[in-house]
Amino acid sequence: MLELIFQYVLPGTIVSLLGGWFLLAGKRRERVAADAAAEAARLEKQFPGWQELVDENRRLRADLTATDEKLSGIENQLTEVRKEDTRKMQAVARILRALFDQWPGGDTPNLDPADIAEIEDTIPPAWIRRRAS
């Protein structure tokens, strides 16, 4: 009987054990490879590669250029508003100076029509005397 065990059972058992060992080793190898791939993906996500940095730099440069163009347009508009405001304030100063210079004089002040036209849109309509037609 011992002879039958060594002849039939023991070789089958050895083959089964070796097959199981190879199967477990293959699954372990797959698990280690999957863990390594997951770790590489995690590191890639955490620390982007060179190409991702270059692409992000290009996107940021494009955004910065667009923002710079918008700011330039706003600066130009602000410059125009400042110039217009300065012209109006200078016209008001000239009108006031003319009024004070002519105060003790005649009945009506003699004002420059260009100065009046400059500030005409800032004067409330109720303050403007309508000319008789």
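Residues numbered from 1 in each chain as written. Predicted model: local features only at pLDDT ≥ 70, side-chain atom pairs only at ≥ 80, totals over all residues. Heavy atoms only, no water.

1. Things to note about the overall build of the chain
This is how it is decided: The helix count covers DSSP runs of H or I at least four residues long, the strand count covers runs of E at least two residues long, and both are numbered beginning at the N terminus. The size measure is the radius of gyration over C-alpha atoms, and the globule rule it meets is 2.2 Å times the number of residues to the 0.38 power. Three exposure classes are used, based on accessible area relative to the maximum for each residue type with a 1.4 Å probe and protein chains only: buried under 20%, partly exposed in between, and exposed over 50%.
The number of helices and strands found in the chain is 3 helices and 0 strands. Secondary structure of the chain in N-to-C order comes out as α-α-α. Against the compact-globule benchmark of 14 Å for 133 residues, the chain has a radius of gyration of 46 Å, which places it well outside the compact range. Classification of the 133 residues of the chain by burial places 6% in the buried group.

2. Focus on the pattern of salt bridges
Quick note on the threshold: Throughout this description, the term salt bridge denotes a Lys or Arg side-chain nitrogen within 4 Å of a carboxyl oxygen of Asp or Glu.
Per the counting criterion, the structure on display carries 6 salt bridges. Residue D55 is joined to R58 by a salt bridge in which the shortest nitrogen-to-oxygen separation is 3.9 Å. Of the two residues, D55 and R58 both sit in helix α2 (residues 50–101), 3 residues apart, roughly one turn of that helix. The partly exposed category is assigned to D55, whose relative accessible area is 30%. Its relative accessible area of 54% is what places R58 among the exposed residues. Salt-bridge contacts for D115 lead to R94; the nearest nitrogen and oxygen are separated by 2.7 Å. Linking D115 in helix α3 (residues 113–119) with R94 in helix α2, this pair joins segments that are 21 residues apart in sequence. One network of salt bridges, with partners in common, ties together E84, K88 and D121.

3. So, the side chain of K88
The condition is simple: A 3.5 Å cut-off defines polar contacts: any pair of N or O atoms within that distance qualifies, except that in protein one atom must be a possible hydrogen donor and the other a possible acceptor, and neighbouring residues in sequence count only when both atoms are side-chain atoms. Pairs of residues are marked as contacts when any of their non-hydrogen atoms sit within 4.5 Å.
By secondary structure assignment, the location of K88 is in helix α2. When its relative accessible area of 14% is taken as the criterion, K88 is described as buried. Side-chain polar atoms of K88 contact the side chain of D121, separated by 2.9 Å. Dropping the residues within four chain positions of it, K88 is found in contact with E118, I119, D121 and T122.

4. Here's the deal with a nonpolar patch on the surface
Basically, it comes down to this: In this analysis, a patch consists of residues with relative accessible area above 30% that form no salt bridge, clustered at 9 Å for like charges and at 5 Å for the nonpolar side chains Val, Leu, Ile, Met, Phe, Trp and Tyr. For every accessible area listed, the method is Shrake-Rupley and the probe measures 1.4 Å; residues are considered covered only by the protein chains on display.
A grouping of F6, L10, I14, L18, W21 and F22 is seen on the molecular surface, where their side chains present a nonpolar patch of about 640 Å² in accessible area. On the secondary structure map, F6 appears in helix α1 (residues 2–46).

5. Digging into the packing of aromatic side chains
Stated formally: Centres within 6.5 Å are what make two rings of Phe, Tyr or Trp a pair, Trp counting through its six-membered ring; a difference in plane orientation under 30 degrees is then read as stacked, over 60 as edge-to-face, and the rest as tilted.
Counted by the stated rule, this structure contains 1 aromatic pair. Ring centres of W21 and F22 lie 5.2 Å apart, and the angle between their planes is 65 degrees; on these two criteria the pair is classed as edge-to-face. Both residues of the pair, W21 and F22, belong to the exposed class.

6. Considerations on α2
Keep this limit in mind: Helix span, expected: 1.5 Å multiplied by one less than the number of residues in the helix.
Compared with an ideal rise of 1.5 Å per residue, which puts 52 residues at 76 Å, α2 spans 74 Å between its outermost C-alpha atoms and is within 8% of the ideal. Taken as a whole, α2 has its buried residues at K88, A91, I95 and A98. If you follow the buried residues of α2, they end up packed against α3.

7. Regarding the side chain of D115
With a relative accessible area of 7%, D115 lands in the buried category. Apart from residues lying up to four places away in sequence, D115 is in contact with A91, R94 and I95.

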